[in-house]
Protein chains: 2
Amino acid sequence: MSEIVIALDAMGGDNAPQATVEGALLALNELKDARILLFGSKEIEVQHERLEFIETTEVITNDEAPMMAVRKKINSSMVAAALAVKDGRANAMVSAGSTGALLACGMVRIGRIQGVERPALASIIPGRKKPFLLTDCGANVDCLPKYLVQFGLMGSVYMNRIMGVKEPRVGLANIGAEAEKGNQLAKATYEMMSQQKEFSFAGNVEARDIPTGDFDVVVTDGFDGNLILKYTEGLATTLVGMLKDEIKASKKAMVGALFMKDAMRKFKARMDPEEVGGAPLLGIKGAVVKAHGSSREGAFKHAIIQAYHMVKNGMVEEIERGIAEISAEQTNEEEVK
Amino acid sequence: MSEIVIALDAMGGDNAPQATVEGALLALNELKDARILLFGSKEIEVQHERLEFIETTEVITNDEAPMMAVRKKINSSMVAAALAVKDGRANAMVSAGSTGALLACGMVRIGRIQGVERPALASIIPGRKKPFLLTDCGANVDCLPKYLVQFGLMGSVYMNRIMGVKEPRVGLANIGAEAEKGNQLAKATYEMMSQQKEFSFAGNVEARDIPTGDFDVVVTDGFDGNLILKYTEGLATTLVGMLKDEIKASKKAMVGALFMKDAMRKFKARMDPEEVGGAPLLGIKGAVVKAHGSSREGAFKHAIIQAYHMVKNGMVEEIERGIAEISAEQTNEEEVK
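Residues numbered from 1 in each chain as written. Chains lettered and ligands numbered in written order. Predicted model: local features only at pLDDT ≥ 70, side-chain atom pairs only at ≥ 80, totals over all residues. Heavy atoms only, no water.

Details of the nonpolar core
In summary, soluble globular proteins display a tendency toward joint burial of nonpolar side chains.
Then comes step 1: In terms of nonpolar packing, the biggest core is built from 232 residues, with M93 of chain A together with M93 of chain B touching the most fellow members.
Then comes step 2: Those residues within four positions of M93 of chain B in sequence are excluded, and the remaining contacts are A7, M78, A81, A82, V85, L102, I110, A287, V288 and V289 of chain B. (Core = buried A, V, L, I, M, F, W, Y, C linked by side-chain atoms within 4.5 Å. Buried < 20%, exposed > 50% of the residue type's maximum accessible area, 1.4 Å probe, protein only. Contact = heavy atoms within 4.5 Å.)

Structure follows, in structure tokens:
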């Protein structure tokens, strides 16, 4: 691979197009063998030898029905970027636009990796010991056990290839550690995950142990994953708010808080999801990264670099290989029975 | 009702029987028209004019298969307490023993309220603005929409009768606020909840808004409820731990922390589930409270007082009435169709 080409939806997110354009320039500065295709409206003015501007006339908003928008708005910045991946003009795409529309783009405009039942959205979450990957975070609200097994494989490949974890420990989010715990979906998934040999299944993760970081990948269906993701945000905000209430109620504590300002700032930085890049969409024939809607230039830079590494480290090919192996194992299993 | 009688499983929990016995005495001190039946092993020595000691010879442990234990160990402290409620010798029961066994006791030894499909476990959680009730917290891991509608009704009755909330706002835990959001279960439940008239359904609660306390009752299936409950515990511990890491890394911040000790203590007290009593088991023909396994005497006192109010305020009768109304509405609905 000579050069890695990343298609950037310049119109997605609250701070577009300034933040996307500036993020692109920051990323190009760091990635000497990357090129960016920038899809956006004609007002954008930008100059860089490794950046190509491609004019689009439409924008997909968060209020639109995703699948409909992706089918109709062919000349939107998001669909045009996806088509560049599909055609082979780009290896990866980054967008901070509507999550639903990006999922639809991945499925109908780029296409799934052969054998993948359902693509999954994954998020890196800061844990106590180390960050971990939560997947699926909302792409598939109703799941079958075999989907969750594939989420485990794809998450494991991501953590290995992109985050450099040697043998990622994959856990199944559950209400107890024992094999027989959980609802029907969890029990059936536990059994299927125990049988496959393509990733290291480390058993159930009890909900209270999810934030420790002892597991590198935490697998759930998209309903529970999204619930956990958003609840984490809400609970962290609430806890910090309740602590502030108590501090404000006491002059002594207010003085103490002044001394703790730097520590608090570091704590917040450690919790900041912006620092770890965007959410990878796993199972698509191409590297796709969903940047947070509120991303600023730094977050876009991170998301582009992340997409770059997904291509550089052969993530798609490795997922393809793993999925084929699991399917073969499952077929053999059937035949033996 | 002249006198309220509470059956206490003296052998349940990590600190039994000392903590249970002392908790009983503390509660009797506050409740002048209550009597306690104390079920436990013969070593227990206690004297109070409104306390009756009843010797039992067995104890159900956390390791046993719940339904089996409840069927076999007739002379265990937990089953004997349940039978006292069944026979009418007691109006309520409190236990800090195995949650699974207590659920089984409720179902096979005491029995469900007529029309209740599935009893539910509920927990009071401290929210930013006010505490709220989360239900089901783990009794039913696989649910139908009609179960969740009943959980909403029972939770609403509890918050009204026991916590004094005038018209409890009942929300459905979901991944978005709009009616069409969620998995199959959530969508079907939303529709059924919108149609009933027995409690005030306030729509979906997005996961990030659960901790605010804007809803008085948050309804989920037992899998997600248990996940949320345990995740809350784990995340709070992790966040406090991460904050401590940053404080310990800086001498200045350590000084600040000294000034903040009192505020931190108050914050912790506000988060302490011990302060709000035990988890009510809703849908059983009798008031049943599951005290936390680590309960000390104060927590047992609270749990006993809680059970007392459940009886005093006619919670069971009100649930029975509400369930009958909802069933009638549903039948009418069918006929109209």
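Read on, since the account is not over.
Some details on the sheet that holds strand β1 (residues 4–9) of chain B
Residues and elements named next belong to chain B.
Then comes step 1: Spatial strand order, β3-β2-β1-β4-β11-β10-β5-β6-β9-β7-β8: eleven strands in an open sheet with mixed pairing. Both edges of this open sheet fall to β3 (51–55) and β8 (200–206), since each of them pairs with a single strand only. Taking each pair of neighbouring strands and ignoring which way they run, the sheet shows an average axis angle of 25°.
Then comes step 2: The pairing of strand β5 (residues 120–125) with strand β6 (residues 132–135) spans four bridges and is classified as antiparallel. Across the sheet, I124 pairs through a bridge with L133, a residue of β6.
Then comes step 3: Its contacts with the sheet place helix α6 (residues 184–195) against β7 (169–174), β8 and β9 (217–219), and it is angled at close to 155° to β8. (Pairing = 2+ DSSP bridges. Helix = DSSP H or I, 4+ residues; strand = E, 2+ residues; numbered from the N terminus. Axes fitted to C-alpha atoms, helices over the stretch in contact; angles between N-to-C directions.)

Observations regarding the environment of G298 of chain B
Residue and element names in this part refer to chain B.
Then comes step 1: Within the secondary structure, G298 sits in helix α10 (residues 297–312).
Then comes step 2: For G298, a relative accessible area of 30% gives the class partly exposed.
Then comes step 3: C-alpha of G298 to C-alpha of Q18: the two residues are 280 residues apart in sequence and 12 Å apart in space.

A short note on the state of the cysteines
Residues and elements named next belong to chain A.
Then comes step 1: All chains considered together, the criterion is met by zero disulfides over all chains.
Then comes step 2: For the unlinked cysteine C105, the closest cysteine sulfur is that of C137, found at 19 Å.
Then comes step 3: The buried category is assigned to C105, whose relative accessible area is 0%.
Then comes step 4: In this structure C137 is a free cysteine whose sulfur lies 12 Å from that of C143, the closest cysteine sulfur available. (Disulfide = S-S within 2.5 Å.)

Topic: the confidence of the model for chain A
Then comes step 1: Across chain A, the average pLDDT comes to 93, with 97% of residues at 70 or higher.
Then comes step 2: Across the interfaces of the predicted complex, the ipTM metric reaches 0.90, alongside a pTM of 0.92. (pLDDT = per-residue confidence, 0-100.)

As for the packing of aromatic side chains
Residues and elements named next belong to chain A.
Then comes step 1: Counted under the stated rule, the structure contains three aromatic pairs over all chains.
Then comes step 2: Residues Y190 and F201 carry aromatic rings whose centres are separated by 5.2 Å and whose planes lie at 75° to one another, so their mutual orientation is edge-to-face. Residue Y190 is found in helix α6 (residues 184–195), and its partner F201 is found in strand β8 (residues 200–206); the two are separated by eleven residues along the sequence.
Then comes step 3: Of the residues examined, F201 reaches a relative accessible area of 18% and is grouped as buried.
Then comes step 4: Sitting over the ring of F215, R169 keeps its end group 4.7 Å from the ring centre. (Phe/Tyr/Trp six-rings, centres within 6.5 Å; stacked < 30°, edge-to-face > 60°. Lys NZ or Arg CZ within 6 Å of the ring centre and 35° of its normal.)

Some points on the interface of chain A and chain B
Then comes step 1: The interface is formed by 51 residues belonging to chain A together with 51 residues belonging to chain B.
Then comes step 2: Summing the contributions of chain A and of chain B, the shared interface buries around 5400 Å²; its carbon and sulfur component is 70%.
Then comes step 3: Considering only the side of chain A, the residues that lose the most area to chain B are I175, Y231 and M242 of chain A, jointly responsible for 13% of the buried surface there.
Then comes step 4: In this assembly, chain A and chain B are joined by six salt bridges.
Then comes step 5: Where chain A meets chain B, there are twelve residue pairs in polar contact (both at pLDDT 80 or more).
Then comes step 6: Among the secondary structure elements, those contributing two or more residues to the side of chain A that touches chain B are β7 (169–174), α6, α7 (222–248), α8 (251–259) and α9 (261–271) of chain A.
Then comes step 7: Of the residues assigned to the side of chain A that touches chain B, the class counts are 26 nonpolar, twelve polar and 13 charged. (Buried area = accessible area lost by both parts, 1.4 Å probe. Salt bridge = Lys/Arg side-chain N within 4 Å of Asp/Glu carboxyl O. Polar contact = N/O pair within 3.5 Å; in protein donor to acceptor, adjacent residues only side chain to side chain. Nonpolar A, V, L, I, M, F, W, Y, C, P; charged D, E, K, R; others polar.)

Focus on the sheet that holds β8 of chain A
Residue and element names in this part refer to chain A.
Then comes step 1: Ordered by their spatial adjacency, eleven strands build an open sheet running β3-β2-β1-β4-β11-β10-β5-β6-β9-β7-β8, and the pairing between neighbours is mixed. Where the open sheet ends on each side, the last strands, each with one partner, are β3 (51–55) and β8. Adjacent strand axes in the sheet meet at a mean angle of 25° when their direction is disregarded.
Then comes step 2: Here β7 runs beside strand β9 (residues 217–219); their pairing, made up of three bridges, is parallel. Looking at the pairing, V170 lines up with V217 of β9.
Then comes step 3: Relative to the sheet, α6 contacts β7, β8 and β9, its axis offset from that of β8 by approximately 155°.

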